[in-house]
Amino acid sequence: MITFEARCRSGHCLVAVVPMMDKHLQPEFHVVVFRHGHEVYEETERSLEEAIETAKAYLDWRTEQDLDS
């Protein structure tokens, strides 16, 4: 598992990238975002690179939203 963390004005965000196997035994990576201890976003990607990019994109978006507020 890989984790990313960001502290924004709207609160602390934690993103976990969790490797799993699908029903055909192909690797997949679950990207799960938690804010204030609650799951707020989930996405599944086929590669680790895509999962990391998704995690980074979410944190960038959240930071942008906070700056716009």
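Scroll up for the structure.
## Notes on the packing of aromatic side chains
All chains considered together, the criterion is met by two aromatic pairs. With a centroid separation of 5.6 Å and an interplanar angle of 50 degrees, the aromatic rings of Tyr58 and Trp61 are classed as tilted. Remark: Trp61 and Tyr58 occur in helix H1 (residues 48-68); sequence separation between them is three residues, near one turn of the helix. On the accessibility criterion, Tyr58 (12% relative accessible area) is buried. Chaining the aromatic ring pairs together yields one cluster made of Tyr41, Tyr58 and Trp61.

## Some details on the pattern of salt bridges
Evaluation of the coordinates by the stated rule reveals three salt bridges. Residue Arg7 is joined to Glu5 by a salt bridge in which the shortest nitrogen-to-oxygen separation is 3.4 Å. Between Arg46 and Asp22 there is a salt bridge, with the nearest N and O atoms lying 3.0 Å from each other. Note that Arg46 is positioned in the loop between strand E4 (38-45) and H1 and Asp22 in the loop between strand E2 (11-21) and strand E3 (27-35), a separation of 24 residues in sequence. Given a relative accessible area of 14%, Asp22 falls into the buried group.

## Comments concerning the sheet that holds E3
Here we have four strands laid out as an open sheet, ordered E1-E2-E3-E4, and antiparallel in their pairing. Pairing within the sheet leaves two strands with one partner each, and these edge strands are strand E1 (2-8) and E4. Averaged over neighbouring strand pairs, the angle between their axes works out to 15 degrees when direction is ignored.

Rules used throughout
Residues numbered from 1 in each chain as written. Predicted model: local features only at pLDDT ≥ 70, side-chain atom pairs only at ≥ 80, totals over all residues. Heavy atoms only, no water. Phe/Tyr/Trp six-rings, centres within 6.5 Å; stacked < 30°, edge-to-face > 60°. Helix = DSSP H or I, 4+ residues; strand = E, 2+ residues; numbered from the N terminus. Buried < 20%, exposed > 50% of the residue type's maximum accessible area, 1.4 Å probe, protein only. Salt bridge = Lys/Arg side-chain N within 4 Å of Asp/Glu carboxyl O. Pairing = 2+ DSSP bridges. Axes fitted to C-alpha atoms, helices over the stretch in contact; angles between N-to-C directions.

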